[in-house]
Amino acid sequence: MTSFLKPENALKRAEELINVGQKQDALQTLHDLITSKRYRAWQKTLERIMFKYVELCVDMRKGRFAKDGLIQYRIICQQVNVSSLEEVIKHFMHLSTEKAEQARSQAQALEEALDVDDLEADKRPEDLMLSYVSGEKGKDRSDRELVTPWFKFLWETYRTVLEILRNNSKLETLYAMTAHRAFQFCKQYKRTTEFRRLCEIIRNHLANLNKYRDQRDRPDLSAPESLQLYLDTRFEQLKIATELELWQEAFRSVEDIHGLMCLVKKTPKPSLMVVYYAKLTEIFWIGSSHLYHAYAWFRLFLLQKSFNKNLSQKDLQLIASSVVLAALSVPPHDRTHGASHLELEHEKERNLRMSNLIGFNMETKPESREMLSRSSLLAELASKGVMSCVTQEVKDIYNIFEHEFLPSDLAVKVQPLLAKISKLGGKLSTASSVPEVQLSQYVPALEKLATLRLLQQVSNVYQSMKIETLSGMIPFFDFSVVEKISVDAVKQKFLSMKVDHMRNVVIFCKMSLESDGLRDHLANFAEHLNKARQMIYPAEKKPSKIGALLPTLTEVVAKEHKRLLARKSIIEKRKEEQERQLLEMEREEESKRLRVQKMNEEAEKLRVATEFEQRKNERLRQEIEEREKEETKALYEEAEKKLKNMKGKKPLIEGDKITKQTLMELTLNEQLRERQEMEKKLQKLAKTMDYLERAKREEAAPLIHAAYVKRQEEEKILHEHEQQQEIEVSRQRHEGDLKEKERLARMIGNKEIYQEKVVSRRQAEFDRLRKETEERISRILQSRKQDRERLRKWKYYLNVEEERQQKLREEEEARKREEAERRRKEEAERLAKLEEIAEKQRQRERELEEKERQRREALLGRGAEPASRPTESLARPLESGSAAPAAAAAAAAPAPGKYVPRFRREKPDGAAAPPETDRWSNSSSRPDGDRWGRGEDRRSAFGSGVGSRSSSTWSSSRNPR
């Protein structure tokens, strides 16, 4: 790095290097000077150096050098002379733009020069060969070689300037101008990708301004001038985005404008808001958001009507017609019908966001159901008097669609009105910010609306209709299109219809909650409620004589036994279910305990890490404070040394509280004061030098003129003399050349013979070299062929080996599957055997129960016989005296595994059990009661034989219900 005593020396050195063609060295020299900390005081020479520096950067397309130099120069002149930085940046952008335009003009001129009739005459062989190889045209190659590098450099220039000026409040105008020029560059050359990047860059700059509010020279967005500049930039961005048809970027630009308006709580001028809503109408129409498009048109109509005093009646009528047609173009069915709660919330948030962009204040409370809708928009149009400004055709269409019921001739009446509307429109003369209004764009949406209204009205009149008849009633679309429209309407619960292509009919179903079907819903609801009440609380029936009689005791006992058995199985199942629930609860408790333990461990780790981070931050903070104290001490000592050298100066700081920031500010102020004094001295010295130089030049002017006249006369005499000498020398040289030509003419034959020898020798050498080259190429091709053959064989071997391994794996898997299938079959056979054994066991239990039941029936039948004598239907006389005891003995035969009372057991010698009179001898005085008493004892004995059950169980099982 070369150091110079004065900046002028570096500038002279750079000019010398440029004159000898060493531009890179000259650029490096100026770069070293600008980035040096030695020249931090601004002076006029540094501005000239920066002009030369940016010229070199542009000539050599060194964007990185230009950015570094401009950043350093901004630091130098930020507080002293900001206008100098502005001039340098303007010069830089002017040079870059000029170079790009020159490259574009040069490429265009080159293309025009090559545009001739005879291509073989002007095109060089290498150009033709390059065009065949690359497949490009001449313009593409010239653009890539000439235009593209300069356009890249121009784009880099714009980015550099925006980056340098992004947080400078004194150069806001230059920042806005650069952004506008960058937008125009993207528009002129259709650079969509660069336009997106430029929008993102400007958006990030604004976000950083809002994020870092404590910057020194940060622009103040609350100031009207700054806000207007930023809004103008965003509106220009919106216009260019729509012209380039970048609709997503245009919508983001709208959001940026709305964010700026919300940031400063101030509404821009009506002329800007007209542009805002006009662009919103285009964006929403392209995005098929007809509802928001209609609301944007409505806001645009209100603005034009309120603030545009020059608006003619014809233009107002055209805008109002656009508003009404846009509102009618909104689909009449609600897309949120039947949607989930999450979808409804998303739709509500979207409506709230769009309403803020459009300018409608909606209620933000959660319980509020206010939303942007077609019905509310039409009601607001009627209340605001928009319908009074529209044309007669639009009024007629509005009445037909919204108020009249014409199921048969709706399309016939709408079609001529749509034909008239499609011819209306044009450019507005008194609303320049509004785009050209063409009502024909709403015709397809109105035709779809007419189709929906016709289907809706026909469904209220007819239950079914032929497809041909319905197609004849809708002249706008084919039936396939009508079917698609109806499918969407049915999906949104707007219609209820079916298309039967087999019978070639359309069936209109009545919807359960249609407006016409709500007339009798309260009466139907009351009838259904009455039926439900009767089912829950049936009317009491009169007791019959047969129902008053008690059922037979046998049926009661059988029912009670079945109920007890069922209750036993239910109890067992409940016990198993309870045990399973206990196991699951224990498992859940264990998993919960493990989760809590894991959470505690993680919390402990987090706490330890947090404490470690806090200790680390505390240690770093202490180190930073100690370092700042040391730096403050060093700065204070240096300041005191400077004050000792300067006599008559007051102490720098009075008091004990000294901070690094205070010392730096005081030192900076002192340096600024010294710099200003030095500049005053230099200005005074420059004025003195100017006066001396002017006096010297005034005295030397006549002397210089006299010397000039004398020098002219001398040079004229010298010129005539030299001209005569030149003529003589030329004559002598010509005569010598003629003699030399005659002498060399005798050697022409020898020259030709020598030339033929040389050509033949070189031809032989060329043939030999070509033959060797061909042989070498053939050897290379052969070796490559062998390599490919070897590689192919190796791949074939690998494929074969892989297939073999795959086959082995498949065989192993098949073997495992067969083994698993065999085990599964064995397990199934084992389970079947166990099930068979269990079934046999259950069969034995059923047989035992059947024998026990027969025994009980025999016992109960004999005990209940005296009591049943008065009843005719139950009286059965005994046939013989010995038949009953025999039957009772046979019924009471002991079954294997069952308990048999002692009095029913047979004696070892085969004798029968003792008679009943011996057991109940003490109750002989009451024959009837004796029999019923014996029946009760037998029932209790039967209960003890069945199983050990408590009295509460028996009483609960005998509940008559």
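Parameters at a glance
Residues numbered from 1 in each chain as written. Predicted model: local features only at pLDDT ≥ 70, side-chain atom pairs only at ≥ 80, totals over all residues. Heavy atoms only, no water. Helix = DSSP H or I, 4+ residues; strand = E, 2+ residues; numbered from the N terminus. Buried < 20%, exposed > 50% of the residue type's maximum accessible area, 1.4 Å probe, protein only. Contact = heavy atoms within 4.5 Å. Areas by Shrake-Rupley, 256 points an atom, 1.4 Å probe, with all protein chains shown as cover. Pairing = 2+ DSSP bridges. Axes fitted to C-alpha atoms, helices over the stretch in contact; angles between N-to-C directions. Patch = residues over 30% accessible without salt bridge, like charges linked within 9 Å, V, L, I, M, F, W, Y side chains within 5 Å. Salt bridge = Lys/Arg side-chain N within 4 Å of Asp/Glu carboxyl O. Lys, Arg positive; Asp, Glu negative; His and termini not counted. Charge placed at Lys NZ, Arg CZ, Asp CG, Glu CD. pLDDT = per-residue confidence, 0-100. Polar contact = N/O pair within 3.5 Å; in protein donor to acceptor, adjacent residues only side chain to side chain. Parallel < 35°, antiparallel > 145°, perpendicular 65-115°, else oblique. Left-handed = near helix turned anticlockwise from the far one by under 90°. Nonpolar A, V, L, I, M, F, W, Y, C, P; charged D, E, K, R; others polar. Phe/Tyr/Trp six-rings, centres within 6.5 Å; stacked < 30°, edge-to-face > 60°. Lys NZ or Arg CZ within 6 Å of the ring centre and 35° of its normal. Core = buried A, V, L, I, M, F, W, Y, C linked by side-chain atoms within 4.5 Å. Expected span 1.5 Å × (residues − 1).

1. Description of the overall build of the protein chain
Here comes step 1: In terms of helices and strands, the protein chain carries 31 helices and five strands.
Here comes step 2: The buried share of the protein chain, reckoned over its 961 residues, is 28%.
Here comes step 3: If you take every contact in the protein chain between residues at least 6 apart in sequence, the share linking residues at least 24 apart comes to 70%.
Here comes step 4: When the accessible surface of the protein chain is summed, it comes to about 67000 Å², and 53% of that surface belongs to carbon and sulfur atoms.

2. Considerations on the sheet that holds strand β5 (residues 505-508)
Here comes step 1: Ordered by their spatial adjacency, three strands build an open sheet running β3-β5-β4, and the pairing between neighbours is antiparallel. Across the chains shown, the open sheet's two edge strands, defined by having one partner strand only, are β3 (464-466) and β4 (497-500). Pairs of neighbouring strands in the sheet enclose a mean axial angle of 20°, with direction left out of account.

3. Remarks on a positive patch on the surface
Here comes step 1: Positive charge collects at one region of the surface, where R64, K67, R159 and R197 lie side by side.
Here comes step 2: Tracing the backbone through its elements, the reader meets K67 in helix α4 (residues 63-77).

4. Notes on the pairing of β4
Here comes step 1: Bridge analysis of β4 against β5 gives four bridges, and the strand direction is antiparallel. Within β5, the position partnered with M497 by the bridge is F508.

5. Focus on the confidence of the model for the protein chain
Regions with low pLDDT should not have their predicted coordinates read in detail.
Here comes step 1: Looking at the protein chain, pLDDT values average 77 and 76% of them are 70 or higher.
Here comes step 2: Within the protein chain, helix α27 (residues 748-863) carries the highest mean pLDDT (92), whereas helix α31 (residues 951-957) carries the lowest (39).
Here comes step 3: Low pLDDT (under 50) marks residues 128-139, which in the prediction has 10 contacts with non-local residues, meaning those over four places away or in another chain.
Here comes step 4: Per-residue pLDDT stays below 50 along residues 362-369; that stretch engages in 12 contacts with residues further than four places along the chain or on separate chains.

6. Remarks on a nonpolar patch on the surface
Here comes step 1: Taken together, the side chains of M678, L682, L685, M689 and L692 define a hydrophobic patch exposed on the protein surface, amounting to about 510 Å² of accessible area.
Here comes step 2: Turning to its location among the elements, M689 is positioned in helix α26 (residues 660-744).

7. Side note on the side chain of K279
Here comes step 1: You can see K279 is positioned in helix α13 (residues 270-286).
Here comes step 2: This buried residue, K279, is left without a salt bridge; E282 holds the nearest opposite charge, at 4.0 Å.
Here comes step 3: A polar side-chain atom of K279 sits 3.4 Å from a polar atom in the side chain of T242.
Here comes step 4: Those residues within four positions of K279 in sequence are excluded, and the remaining contacts are L238, K239 and T242.

8. With respect to unusual backbone geometry
Here comes step 1: Of note, K190 is a non-glycine position whose phi angle comes to about 55°, a positive value.
Here comes step 2: Among the structural elements, K190 can be located in the loop between α9 (172-188) and α10 (192-211).
Here comes step 3: By relative accessible area, K190 is classed as exposed at 57%.
Here comes step 4: Of note in the backbone geometry, S288 takes a positive phi value of approximately 60° without being a glycine.

9. A look at the pairing of β5
Here comes step 1: Bridge analysis of β3 against β5 gives three bridges, and the strand direction is antiparallel. Residue pairing for β5: M465 is matched across the bridge by V506.

10. Considering the pattern of salt bridges
Here comes step 1: Tallied over the full model, the rule gives 49 salt bridges.
Here comes step 2: When the shortest N-O distance is used, the salt bridge between R768 and E772 registers 2.9 Å. Of the two residues, R768 and E772 both sit in helix α27, four residues apart, roughly one turn of that helix.
Here comes step 3: Put simply, E200, R203, E249, R252 and D256 are held in one network by salt bridges that share partners.

11. With respect to the environment of W297
Here comes step 1: Take W297: it is sitting in helix α14 (residues 290-307).
Here comes step 2: Judged by its relative accessible area of 4%, W297 falls in the buried class.
Here comes step 3: With 22 residues separating them in the primary sequence, W297 and I319 have C-alpha atoms 8.0 Å apart.
Here comes step 4: Within polar-contact distance, the side chain of W297 engages the side chain of Y442 at 3.1 Å.

12. Considering the packing of helix α3 (residues 44-60) against α4
Here comes step 1: As a packed pair, α3 and α4 sit with axes 10 Å apart at the nearest point and diverge in direction by 165°. The angle between α3 and α4 falls in the class roughly antiparallel. Our pair here, α3 against α4, has a crossing hand that is left-handed. Contact with α3, carried on its side by L46, E47, M50, Y53 and C57, involves F65, A66, G69, L70, Y73 and I76 of α4 and no other residues of that element.
Here comes step 2: Broken down by class, the residue content of the contact of α3 with α4 amounts to nine nonpolar, one polar and one charged.

13. Topic: the packing of aromatic side chains
For any pair of aromatic rings, the description rests on two quantities: the centre-to-centre distance and the angle between the ring planes.
Here comes step 1: Scanning all chains against the criterion turns up 14 aromatic pairs.
Here comes step 2: Arranged with centres 5.6 Å apart and planes meeting at 55°, the rings of F284 and Y292 form a pair that is tilted. Like F284, the residue Y292 is buried in the burial classification.
Here comes step 3: An aromatic cluster is defined as three or more aromatic residues linked by ring pairs; in this entry it consists of F151, Y158, F185 and Y189.
Here comes step 4: The cationic tip of R61 hangs over the ring face of W150; the distance from NZ or CZ to the ring centre is 4.9 Å.

14. Some words on the nonpolar core
Here comes step 1: Formed by 158 residues in total, the largest nonpolar core has its most connected members in F195, Y276, L328, L381 and F401.
Here comes step 2: Top element by residues in this core is helix α8 (residues 138-165). It accounts for 11 residues.
Here comes step 3: Discounting chain neighbours no more than four positions away, the residues touching L381 are F298, V323, V324, A327, V386 and M387.

15. Digging into the side chain of H258
Here comes step 1: On the secondary structure map, H258 appears in helix α12 (residues 247-264).
Here comes step 2: Not counting chain neighbours up to four residues away, the residues in contact with H258 comprise Y276, N356 and L357.

16. Describing the environment of A639
Here comes step 1: Checked against the element boundaries, A639 lands in helix α25 (residues 553-645).
Here comes step 2: Overall, A639 belongs to the buried group, its relative accessible area being 10%.

17. Looking at α13
Here comes step 1: Taking 1.5 Å per residue as the helical rise, α13 with its 17 residues ought to reach 24 Å, and the 24 Å between its terminal C-alpha atoms agrees with that figure.
Here comes step 2: Where burial is concerned, most of α13 is hidden: 12 out of the 17 residues are buried.
Here comes step 3: Of all the positions in α13, only L272, M273, V274, V275, Y276, Y277, A278, K279, L280, T281, I283 and F284 are classed as buried.
Here comes step 4: Looking one or two places after α13, you find S288, whose phi comes out positive at around 60°.

18. Quick word on α4
Here comes step 1: Between its first and last C-alpha, α4 extends 21 Å over 15 residues, near the 21 Å set by a 1.5 Å rise per residue.
Here comes step 2: All buried positions along α4 are accounted for by G63, F65, A66, G69, L70, Q72, Y73, I76 and C77.

19. Things to note about the environment of L302
Here comes step 1: If you trace the backbone, L302 turns up in helix α14.
Here comes step 2: Its relative accessible area of 23% is what places L302 among the partly exposed residues.
Here comes step 3: Along the primary structure L302 and K384 are separated by 82 residues, whereas in three dimensions their C-alpha atoms are 9.0 Å apart.

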